[in-house]
Amino acid sequence: MKQKSILMIMLMLFAFSFVHAQESQKREMPPKHRGMHPRLQADGIVVDDNGKTLGSIKNGKVCDETGKVIGVISAHGDVTTASGKNIGKIQKDGSYKSMKGHVVTTDPDGVVKVAGKEVAKVEAGYNDKSHGCALHCFFSAENEDAKEIDKDIKNQ
């Protein structure tokens, strides 16, 4: 009888830890607007490696996949969340510098890089290559500041 009780307790603990681990994984999943190597298409739609729509960048507004504005790129280069929190600035040379000092560059051929590593792509037909920075900030799962930015977006 004692062995059955111990076995039941062990099974219950295992089941509890398994369920708790699944719940933790759900909370750690990146938001739907984040993906690996996002690509800004000529029409302003942002897609991931698999072609799944993550959102859009049009007329200086950054929107998630539902069309909700999550960020703004001002005419003078400030990049902010929709609530107005400043997250960086597009420099005169077209590069982007985050508030924490991370530099994002977009090559003339549209390749978006951070510290020399390719993280995103702006297609040839898109009119403003400097928006590659917003592509990385708001849509790349590889963004160093993603958790902070997404927390601000979630609180909007």
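Keep in mind it's a predicted model, so treat the numbers as computed, not measured. (Residues numbered from 1 in each chain as written. Predicted model: local features only at pLDDT ≥ 70, side-chain atom pairs only at ≥ 80, totals over all residues. Heavy atoms only, no water.)

## Considering the sheet that holds strand E4 (residues 61–64)
If you walk around this closed barrel you meet the 11 strands as E1-E2-E3-E4-E5-E6-E7-E8-E9-E10-E11, and the pairing is mixed. Pairing between strand E1 (residues 39–40) and strand E2 (residues 45–47): 2 bridges, direction antiparallel. Among the inter-strand pairings, Leu40 is bridged to a residue of E2, identified as Val46. Strand contacts of helix H2 (residues 132–139): E1, E2, strand E3 (53–58), E4, strand E5 (69–73), strand E6 (78–81), strand E7 (86–90), strand E8 (96–98), strand E9 (103–106), strand E10 (111–114) and strand E11 (117–122), with the helix running at about 145° to E3, the strand carrying the most contacts. (Pairing = 2+ DSSP bridges. Helix = DSSP H or I, 4+ residues; strand = E, 2+ residues; numbered from the N terminus. Contact = heavy atoms within 4.5 Å. Axes fitted to C-alpha atoms, helices over the stretch in contact; angles between N-to-C directions.)

## Some thoughts on helix H3 (residues 146–154)
Within H3 the residues assigned to the buried category are Ala146, Ile149, Asp150, Asp152 and Ile153. For H3, the buried positions fall inside an angular range of 160° around the axis, keeping them on one side. Away from its buried face, by an angle of more than 90 degrees, H3 presents the exposed residues Lys147, Lys151 and Lys154. Contacts made by the buried residues of H3 are with E5, E6, E7 and H2. (Buried < 20%, exposed > 50% of the residue type's maximum accessible area, 1.4 Å probe, protein only. Arc of directions from axis to C-beta.)

## Side note on H2
Counting buried positions along H2 yields 8 of 8 residues, so the element is predominantly enclosed. Taken together, the buried positions of H2 are Gly132, Cys133, Ala134, Leu135, His136, Cys137, Phe138 and Phe139.

## Details of the environment of Glu144
Within the fold, Glu144 resides in the loop between H2 and H3. Glu144 sits 105 residues away from Arg39 along the chain, and the two C-alpha atoms are 18 Å apart. Beyond its immediate chain neighbours, meaning those up to four positions away, Glu144 contacts His102, Val114 and His136.

## Thoughts on the nonpolar core
Judged by nonpolar contacts, the single largest core of 26 residues is most densely connected at Ile57, Val62, Val79, Tyr96, Leu135, Phe138 and Phe139. If you list the elements that add at least two residues to this core, you get E3, E5, E7, E10, E11, H2 and H3. Sorting elements by how many residues they give to this core places H2 first, with 6 residues. (Core = buried A, V, L, I, M, F, W, Y, C linked by side-chain atoms within 4.5 Å.)

## A few points about unusual backbone geometry
Notably, His37 is not glycine yet its phi reads approximately 50°, a positive angle. Take His37: it is sitting in the loop between helix H1 (2–28) and E1. A positive phi is found at Asn59, a non-glycine position, where the angle reads about 50°. Its location among the elements puts Asn59 in the loop between E3 and E4. When its relative accessible area of 81% is taken as the criterion, Asn59 is described as exposed.

## So, the pairing of E6
In this sheet, E6 lies alongside E5 in antiparallel orientation, the contact comprising 3 bridges. Looking across to E6, one finds that Gly71 is bridged to Thr81. Inspection of the sheet shows E6 paired to E7 by 3 bridges, in the antiparallel sense. For Asp78, the partnering residue across the bridge sits in E7 and is Lys89.

## Overview of the pattern of salt bridges
Tallied over the full model, the rule gives 6 salt bridges. For Asp107, the salt bridge is made with Lys113, and the minimal N-O distance between the two is 3.3 Å. Since its relative accessible area comes to 22%, Asp107 is described here as partly exposed. (Salt bridge = Lys/Arg side-chain N within 4 Å of Asp/Glu carboxyl O.)

Don't take any of this as a statement about function, it's just geometry.
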